[in-house]
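# Close look at the chain arrangement
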Amino acid sequence: PRENISQSEADGQARVLDAVVVGAGFAGMYMLHRLRSLGLSVSVLEAGGGVGGTWYWNRYPGARCDSESYYYSYSFSEELQQEWQWTERYPEQPEILRYLNHVADRFDLRRDIRFGRRVTEAVFDDDTGRWQLRTDGGERYAARFFITAVGCLSSANIPRIPGLDTFEGEWFHTGRWPHEGVDFTGRRVGVVGTGSTGIQTIPVIAEQAEHLTVFQRTANYSIPARNGPMEPAFQREVKANYDAIRRKQRDSTNGHPFDVSPRSALSVSEEERRAVYEAAWKRGGLQFRATFADLLTSKEANDTASEFIRAKIRETVRDPATAEKLVPRDHPFATKRPPIDTDYFETYNRDNVTLVDVRESPIVEITRDGVRTSSASYPLDCIVFATGFDALTGPLLDIDIRGPGGRTLRDKWSEGPRTYLGLQVAGFPNMFTITGPGSPSVLTNMPTSIEQHVDWIADCIEYMRGHELERIEATEEAEDAWGEHADEAVHRTLLPMAATSWYLGANVPGKPRVFMPYAGGFATYTRKCDEVAAAGYEGFLRT
Ligand code: N01
């Protein structure tokens, strides 16, 4: 949907602005708000027909947030956080989209957002010192600052399975879900993928479909979400304590306001440990990871949590052969992004659900009427690909980005992404990447990371104006040092043990295996960013 074609767009001229932001999700919207308050002229270019980013595109059945609603939200406006009422512990996709639309209206953002414009090219013009952007509709924009707010999980990963084009049924990717919804009633449905998305959607589709076949490549751990209504008393308590909650988020490793136990899982008796895990299982949610301090740093400690969850899967799933297929063995708990669920494992007790282990019997092809694995054929009316995303680098490399002298980002990142703080890339001046590779991003509660990045970028631009600087660019040395530090940080954890993780790019055939997010913790990261700024933007060339 394209609307509001401006005069400069209509006559093919580049529209000249101070800044162009790409993407109108959580990140792009707040970036616009901040830059506007500095008095800059800004356009946000958004491929979708509305605001919301992730929450605009991911409309699959069961889509909801794994962070709790009261803190998966903006903190920049006290009025906003006081007036908005969340209805559930984990907000459903339509509710988050309503929230983001409310924010767009409340802060009058829409007048600077241009929808239906997918940016295909961003080229730095040496003569003017401006970034020249082009959209798929041929519109042109020019700006001193080029800021990407394209999300980390927005480039759909659709597996290249032979025969998909011959399939006579309907197929969907969860991240490109039809706005009008899909009615699975009376239909034989196949879901490929058992990551967070598959685990959310499988129980909901199973209730509607005549039959559901789940094609699982890697068995996953999952913790019950224990979703429920937002109780008014809890809502009141949160609102009265928002300052403390937000402080706790900012001082944390993952941007959640959780108390992480300081104890080692190995420092307590087996009985006590079991009681701690039982209580966390009962409470539900990602907080399970906070039960002990060393679940992500000690394999022995982690084994106790992994084994507890494996036992829960075996207890829940009645058919022992199915249960064994669902038990994860190839990676420690939480080394891949841990999903949370509502009746995920219980769903395999339904008569209309079949689990197919495609590591044992790989998918060979898609035929006119279904999926064929190396050992059987599964006739289907619909296939749902819950197969994830070309994470972090995908959305940036989908744009043809060229720095001074024509150097492309695709070339620079051919062996994996390199950035300084995940915020800038050496060789690409005045380009800022919100939640870029090398920042904590997907290892954290995203709005927390997004606000920190946006504030840092806005402060940097303000500093440049105050010091009459035109150009800021990370140095190669700073970038190398950051890469080394990030590498050391991740190797202090168990995260590299998950060989099939999208954090490593392992889900996309041919993608370089580089651990992409910064694993040193959100609070450590923020401190480092603040120090860099306080030292006059150390590690950046400024002219
Ligand atoms: O994607 P995934 P996702 N044949 O990559 C399988 C966030 N999120 O959309 O593990 C067969 O995790 C793949 O198998 P394997 C969250 O950060 C947040 O589920 O690669 N199977 C895996 O099982 C999350 O981590 C919320 O071996 C194939 C699955 O597909 C991230 O998004 C909700 C395959 C993909 O899992 C991505 O989650 C949902 C193939 N060719 C998601 N290719 C919130 O609530 C891939 N798979 C905020």
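Read on for a plain summary of the structure. Keep in mind it's a predicted model, so treat the numbers as computed, not measured. (Residues numbered from 1 in each chain as written. Predicted model: local features only at pLDDT ≥ 70, side-chain atom pairs only at ≥ 80, totals over all residues. Heavy atoms only, no water.)

### Describing the overall build of the protein
The helix and strand tally for the protein stands at 17 helices and 20 strands. The globule rule puts the C-alpha radius of gyration for 543 residues at 24 Å, and the 23 Å found for the protein is close to it. Taking the principal axes of the C-alpha coordinates as reference, the protein spans close to 70 × 55 × 45 Å. Across the 543 residues in the protein, those meeting the buried criterion constitute 58%. Taking all contacts inside the protein whose residues are at least 6 apart in sequence as the whole, residues at least 24 apart take part in 72%. Within the structure as shown, the protein displays about 22,000 Å² of accessible surface, and the carbon and sulfur contribution to it stands at 47%. Of the side-chain charges in the protein, 62 are positive and 77 negative, and the distance between the mean point of each set is 1 Å. (Helix = DSSP H or I, 4+ residues; strand = E, 2+ residues; numbered from the N terminus. Rg over C-alpha atoms; globule rule 2.2 N^0.38 Å. Buried < 20%, exposed > 50% of the residue type's maximum accessible area, 1.4 Å probe, protein only. Contact = heavy atoms within 4.5 Å. Areas by Shrake-Rupley, 256 points an atom, 1.4 Å probe, with all protein chains shown as cover. Lys, Arg positive; Asp, Glu negative; His and termini not counted. Charge placed at Lys NZ, Arg CZ, Asp CG, Glu CD.)

### Re the pairing of strand S6 (residues 140-148)
The side chains of a regular strand alternate between both faces of the sheet. Burial runs high along S6: seven of the nine residues are buried. Sheet topology places strand S5 (residues 130-135) next to S6; four bridges connect them, and they run antiparallel. In the sheet register, Gln 132 faces S6, and the bridge partner there is Ala 142. Turn length for the S5-S6 hairpin, with the two strands adjacent in sequence and antiparallel, is four residues, and the turn residue Gly 138 shows positive phi of about 90°. (Pairing = 2+ DSSP bridges.)

### Quick word on helix H17 (residues 522-534)
In this model, H17 (13 residues) spans 18 Å end to end at C-alpha, consistent with the 18 Å of a helix rising 1.5 Å per residue. Where H17 is concerned, the buried positions are Phe 522, Ala 523, Tyr 525, Thr 526, Cys 529 and Val 532. For H17, the secondary structure elements touched by its buried residues are helix H8 (242-250), helix H15 (446-466), helix H16 (476-491) and strand S20 (540-542). Following H17 by one or two positions, Gly 536 adopts a phi angle in the positive range, close to 75°. (Expected span 1.5 Å × (residues − 1).)

### What about the sheet that holds strand S15 (residues 377-379)?
Pairing is antiparallel across the open sheet formed by three strands, whose spatial order is S13-S14-S15. Single-partner strands in this sheet number two, and they are strand S13 (363-367) and S15. Adjacent strand axes in the sheet meet at a mean angle of 20° when their direction is disregarded. As paired elements, S13 and strand S14 (residues 370-373) share four bridges and run antiparallel to each other. Each residue of the ladder has a partner; that of Glu 365, found in S14, is Arg 372. (Axes fitted to C-alpha atoms, helices over the stretch in contact; angles between N-to-C directions.)

### Regarding the packing of aromatic side chains
Considering all chains together, one arrives at 44 aromatic pairs under this definition. Measuring from centroid to centroid gives 5.7 Å for Trp 84 and Trp 86, while their planes differ by 70°, and the two rings are edge-to-face. For the ring pair Tyr 537 and Phe 540, a centre distance of 6.4 Å and an interplane angle of 70° mean the geometry is edge-to-face. Judged by relative accessible area, Phe 540 falls into the buried class, the value being 7%. A connected cluster of aromatic rings, assembled from ring pairs, spans Phe 26, Tyr 30, Trp 55, Tyr 72, Tyr 74, Phe 76, Trp 84, Trp 86, Tyr 99 and Phe 107. Taking NZ or CZ as reference, Arg 59 lies 4.9 Å from the ring centre of Tyr 56, over its face. (Phe/Tyr/Trp six-rings, centres within 6.5 Å; stacked < 30°, edge-to-face > 60°. Lys NZ or Arg CZ within 6 Å of the ring centre and 35° of its normal.)

### A short note on the side chain of Ser 261
Checked against the element boundaries, Ser 261 lands in the loop between H8 and helix H9 (270-283). The class of Ser 261 is buried, set by a relative accessible area of 15%. Excluding its chain neighbours within four sequence positions, the residues that come into contact with Ser 261 are Ala 290, Thr 291, Phe 292 and Ala 293.

### Focus on the sheet that holds strand S16 (residues 382-385)
With parallel pairing, the five strands of this open sheet are ordered in space as S7-S16-S8-S9-S12. Sheet topology places strand S7 (170-173) and strand S12 (353-357) at the edges, where each strand pairs with a single neighbour. Adjacent strand axes in the sheet meet at a mean angle of 15° when their direction is disregarded. Sheet analysis places S7 next to S16, joined by four bridges and oriented parallel. Following the sheet pairing, Trp 171 is matched in S16 by Ile 383. Along the sheet face, helix H6 (residues 196-208) touches strand S8 (188-192), strand S9 (211-216), S12 and S16 and points at about 155° away from the line of S9.

### A few points about the site of the ligand
Taken together, 24 residues are adjacent to the ligand, and Arg 64, Thr 197, Arg 217, Thr 218 and Lys 336 come closest. In this structure, an oxygen atom belonging to the ligand sits 3.1 Å away from a main-chain N or O atom of Ser 196. Coverage of the ligand by the protein amounts to 89% of the 910 Å² it exposes when considered alone. When residues in the shell around the ligand are grouped by element, the largest group, three residues, is from H6. Split into classes, the residues belonging to the shell around the ligand amount to eight nonpolar, ten polar and six charged. (Near = heavy atom within 4 Å. Polar contact = N/O pair within 3.5 Å; in protein donor to acceptor, adjacent residues only side chain to side chain. Nonpolar A, V, L, I, M, F, W, Y, C, P; charged D, E, K, R; others polar.)

### Some remarks on the packing of helix H2 (residues 26-37) against H15
When two helices pack together, their arrangement is given by the angle between their axes and by how far apart the axes lie. At a closest axis distance of 9 Å, the pairing of H2 and H15 adopts a crossing angle of 30°. The angle between the axes of H2 and H15 places the two elements in the roughly parallel class. Between H2 and H15 the crossing geometry is right-handed. Contacts between H2 and H15 involve Phe 26, Ala 27, Tyr 30, Met 31, Arg 34 and Leu 35 from the former and Pro 447, Ile 450, Glu 451, Val 454, Asp 455, Ile 457, Ala 458, Asp 459 and Ile 461 from the latter. (Parallel < 35°, antiparallel > 145°, perpendicular 65-115°, else oblique. Left-handed = near helix turned anticlockwise from the far one by under 90°.)

### Brief notes about H2
Counted at 1.5 Å a residue, the expected span for H2 with its twelve residues is 16 Å, and the 17 Å between its end C-alpha atoms agrees. Every buried residue belonging to H2 is among Phe 26, Ala 27, Gly 28, Met 29, Tyr 30, Met 31, Leu 32, Arg 34, Leu 35 and Arg 36, and all of these are buried. Just downstream of H2, Gly 39 is the residue with a positive phi angle, here 85°.

Note that all results are geometric; they support no functional claim without further evidence.
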